[in-house]
Amino acid sequence: MDTIALNIQHVSKSFGGGRRWLPRLRGGNGEVRPIVAVSDITLQVRRGEIFGVLGPNGSGKSTLIRLISTLLLPDSGTITVFGHDVVREERAVQRLINRVSVEAAFFKRLSPIENLLYGARLYGLSGDEARRRIHEILRRLDVRADALGKPMEEMSRGMQQKVAIARAFLTAPILLLLDEPTTGLDPRSKREVQAFVRELRDSHDATILLTTHDMEEADALCDRIAIMDEGRIIALDTPTGLKALVHPSNGRVPTLEDVFMQLTGKVLAEEEEIAA
Amino acid sequence: MTPIVHQARASYAFIERNLNLVKRYWGWELVWMAYTIANSLAVSYIGAGMEQISGQKVDTHYLILYLVIGTIVWRYLAVIFHAISDMIGWERWEGTIEYTLMAPVPRITHLVGQTFFAIIYSLIHTAGILLATAVFFNLDLRNANLVGTLVLLLAGSLSFIGIGIVAAILPLLFPERGSQMTHLILAVLLFVSGVYYPVTVLPAWLQPLARLSPATYVLEGMRATLLEGAALTTLWPYIWPLLLMGGIAIPLGVRAFQVAERYAKRTGRLKRNG
């Protein structure tokens, strides 16, 4: 039987909402409608799987990643990582995961080595072990050795993103959350990162949740893909299964982009009809 | 690996990171040191000029030393306060707050590392000011009880660590202006604690507030040790309120910070970088 690495059950998350006192003093009701970021999401990711989440900007992908990362608390529903609840067993979950976000967040004046050493020590690695792994991973990601001692702010966006990926890999997480990890990378760097993601899954038994706008990347890397729109999952299947949802036109095999456009378009059309 | 080793390494992560930041921002550190020295000297020279200002005979040496003690104690406590209260503000500015707060590190471990660095950094900073002041003024510390001075500074650190932790909540909850809000706490303490004057000159209704400020006890104790050479055994009336305030402020601060962190996670306030 497959082990469930990540189990998300009926999770919802909204921001804002409630009543504001100032408009009420001026005679209004002061009610502010909450923004629904994630609405009743249920999905399971199996151990060793590369699971993709596709969706337009504002569809709730990053909120979902933050909920799994213990950076947000869900309004309702449960999330477990290898059986540990993200709310009640926060520390246990944090030990099993790491995350790469779209913005490579670093101490900009510190060098890659200094930033990575900081990250490694937070996860309990010794200095020697951390240095060994840092050099190994950065070499694998083709980060030049002469750049390791310079401040991060002097590196290109692509190089910074590679260091961010190295930081996450450094702690050997068994669930890796990649939030648009290849955004801003040149094609060659993108391929290197994608190869490294596969290698990590195959040789280190890691489970990977990946959000991306890059349909080709999702198609090439992911075992299964969920398509999100307005906080909801509107389709979930293997890449082949998703493509089967769209009829081939002009003899052309549908791409994930066709699937994505058709599914999100359908939802928008339905909403417009309701509004009308 | 035992949990203690894990926590020790995590605590050291904050110390090492902050030392690296000091090294990388060395220019700023020099500017900051020059600013605080100039500030301390400007206040201390009020004592040197008092005879000319008032036209009366005053004990200039005593007055200068009185003000020097005020500037040094205040700088020491303020640097500790900022090193702790900026731990969130700094991470917001760098954009690393989410990375640090999702690491498997209990907040107490985070605070231990940050506090250890704050005390060492503040002691070095204060020594620099003391050295510069000694060059400008012929300070006679022959009767001073320097051991008592150090004991008072360390006892006073505890409360300021606790107050700093409470202040660190502000940048956590108010991403845009939280860091600036922490200055208000320090300004009130500066006003009521008798840093440059005895608290008895304050309006009667404000004087009870002075008794609630840990800085008041550090300053009064320091003046007793440096101006009058009070023995360590006579310092207990200054030390016990500091230990009591520290004993209350630190656990209260940690608990309040944990509650605020949970609130920030519920309302999504960690995401925005100020």
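Everything that follows concerns the structure shown earlier in this document.
Residues numbered from 1 in each chain as written. Chains lettered and ligands numbered in written order. Predicted model: local features only at pLDDT ≥ 70, side-chain atom pairs only at ≥ 80, totals over all residues.

1. What about the overall build of chain B?
In terms of helices and strands, chain B carries 10 helices and 0 strands. Listing every helix and strand of chain B by position from the N terminus yields α-α-α-α-α-α-α-α-α-α. Its C-alpha atoms give chain B principal-axis dimensions of about 60 × 40 × 40 Å. Taking all 274 residues of chain B together, 44% fall into the buried category. Within chain B, counting contacts between residues at least 6 apart in sequence, those at least 24 apart form 80% of the total. (Helix = DSSP H or I, 4+ residues; strand = E, 2+ residues; numbered from the N terminus. Buried ≥ 20, exposed ≤ 12 C-beta atoms within 10 Å, placed from the backbone. Contact = placed C-beta atoms within 7 Å.)

2. Considering the overall build of chain A
Along chain A, the regular secondary structure elements total 10 helices and 12 strands. For 276 residues, the compact-globule estimate of 2.2 N^0.38 gives 19 Å, and the C-alpha radius of gyration of chain A, at 21 Å, lies within 12% of that figure. Each of the three principal axes of chain A carries a C-alpha extent, and together these read 60 × 60 × 40 Å. Looking at chain A residue by residue over its 276 residues, the buried ones come to 44%. Pairs at least 24 residues apart make up 70% of the contacts formed inside chain A by residues separated by at least 6 positions. (Rg over C-alpha atoms; globule rule 2.2 N^0.38 Å.)

3. Quick word on the sheet that holds strand β5 (residues 50-54) of chain A
Residue and element names in this part refer to chain A. Strand order in the open sheet made by the 6 strands is β8-β9-β10-β5-β11-β12, with mixed pairing throughout. Single-partner strands in this sheet number two, and they are β8 (97-100) and β12 (232-237). Averaged over all neighbouring strand pairs, the angle between strand axes comes to 15°, with direction disregarded. Here helix α6 (residues 157-170) sits on the sheet in contact with β8 and β9 (175-179), set at roughly 175° to β8. (Pairing = 2+ DSSP bridges. Axes fitted to C-alpha atoms, helices over the stretch in contact; angles between N-to-C directions.)

4. Considerations on the interface of chain A and chain B
Of the residues lining the interface, 26 residues belong to chain A; the matching set on chain B comes to 26 residues. Looking at the side of chain A that touches chain B, the elements that each hand over two or more residues are α3 (90-96) and α4 (112-122) of chain A. For the side of chain A that touches chain B, the leading source of residues is α4 of chain A, giving 5 residues.

5. Focus: helix α2 (residues 61-68) of chain A
Residues and elements named next belong to chain A. Summarising burial for α2: 8 of the 8 residues are buried, a large majority. What α2 keeps buried is the set K61, S62, T63, L64, I65, R66, L67 and I68. In the stretch just after α2, T70 is the one whose phi turns positive, near 70°.

6. Description of the sheet that holds strand β4 (residues 35-46) of chain A
Residues and elements named next belong to chain A. The sheet built from 4 strands is open, its strands ordered β4-β1-β6-β7 with antiparallel pairing. Edge strands, defined here as strands with exactly one partner in the open sheet, are β4 and β7 (84-85). Looking at chain direction, strand β1 (residues 4-15) and strand β6 (residues 76-81) are connected through 5 bridges and run antiparallel. Each residue of the ladder has a partner; that of I8, found in β6, is I79. α2 rests against β1, β4 and β6 of the sheet, and its axis sits at about 65° to β4.

7. Things to note about unusual backbone geometry
With glycine set apart, most residues show a phi of negative sign, and most peptide bonds adopt trans. Residues and elements named next belong to chain A. With phi around 70°, T70 is a residue other than glycine that occupies positive phi space. Position of T70 relative to the elements: it lies in the loop between α2 and β6. Owing to 23 C-beta atoms within 10 Å, T70 belongs among the buried residues under this scheme. A positive phi angle is found at E230, which is not glycine, with a value near 50°. Mapped onto the elements of the fold, E230 is located in the loop between β11 (224-229) and β12. Judged by C-beta crowding, with 18 C-beta atoms within 10 Å, E230 ranks as partly exposed.

8. Quick notes on the packing of helix α9 (residues 214-227) of chain B against helix α10 (residues 236-267) of chain B
Residues and elements named next belong to chain B. Contact pair α9 / α10: the axes reach a minimum separation of 9 Å and the direction vectors enclose 155°. The orientation of α9 with respect to α10, classified from their angle, is roughly antiparallel. When you trace α9 past α10, the crossing you get is left-handed. Residues P214, Y217, V218, E220 and G221 of α9 pack against Y238, P241, L242 and M245 of α10. In terms of residue class, the contact of α9 with α10 is made up of 7 nonpolar, 1 polar and 1 charged. (Parallel < 35°, antiparallel > 145°, perpendicular 65-115°, else oblique. Left-handed = near helix turned anticlockwise from the far one by under 90°. Nonpolar A, V, L, I, M, F, W, Y, C, P; charged D, E, K, R; others polar.)

9. Brief notes about helix α6 (residues 146-173) of chain B
Taking 1.5 Å of rise per residue, the 28 residues of α6 of chain B would be expected to cover 40 Å, and the 41 Å separating its terminal C-alpha atoms lies within 8% of that figure. Along α6 of chain B, 22 of the 28 residues are buried, which leaves the element largely enclosed by surrounding structure. (Expected span 1.5 Å × (residues − 1).)

10. A word on the packing of helix α2 (residues 26-54) of chain B against helix α3 (residues 60-94) of chain B
Residue and element names in this part refer to chain B. Running from N to C, α2 and α3 point in directions that differ by 160°, and their axes come no closer than 8 Å. Regarding the angle of α2 to α3, the classification is roughly antiparallel. Considering the relative orientation of α2 and α3, their crossing is right-handed. In this structure, α2 contributes T36, S40, V43, S44, I46, G47, A48, M50 and E51 to the contact, and α3 contributes T60, L63, I64, Y66, L67, V68, T71 and R75.

11. Points about the environment of S14 of chain A
All names here are of chain A. Residue position: S14 is located in strand β1. Since 17 C-beta atoms lie within 10 Å of it, S14 is described here as partly exposed. Sequence separation of S14 and T211 is 197 residues, and the distance between their C-alpha atoms is 20 Å. Not counting residues within four places of it along the chain, the set of residues in contact with S14 comprises P34, I35, V36, A37 and D75.

12. Considering the environment of R17 of chain B
Residues and elements named next belong to chain B. Structurally, the position occupied by R17 is in helix α1 (residues 3-24). Its 24 C-beta neighbours within 10 Å are what place R17 among the buried residues. Linking R17 and D59, residues 42 residues apart in sequence, is a C-alpha distance of 47 Å.

13. Remarks on the pairing of β5 of chain A
Residues and elements named next belong to chain A. Burial of β5 is extensive: 5 of the 5 residues sit out of reach of the surface. By the alternation rule, side chains of β5 split into I50, G52 and L54 and F51 and V53, which are all buried. Note: β5 against strand β10 (residues 207-212), 5 bridges, orientation parallel. Note that in β10 the partner of G52 across the bridge is L210. With 4 bridges connecting them, β5 and β11 associate as parallel partners.

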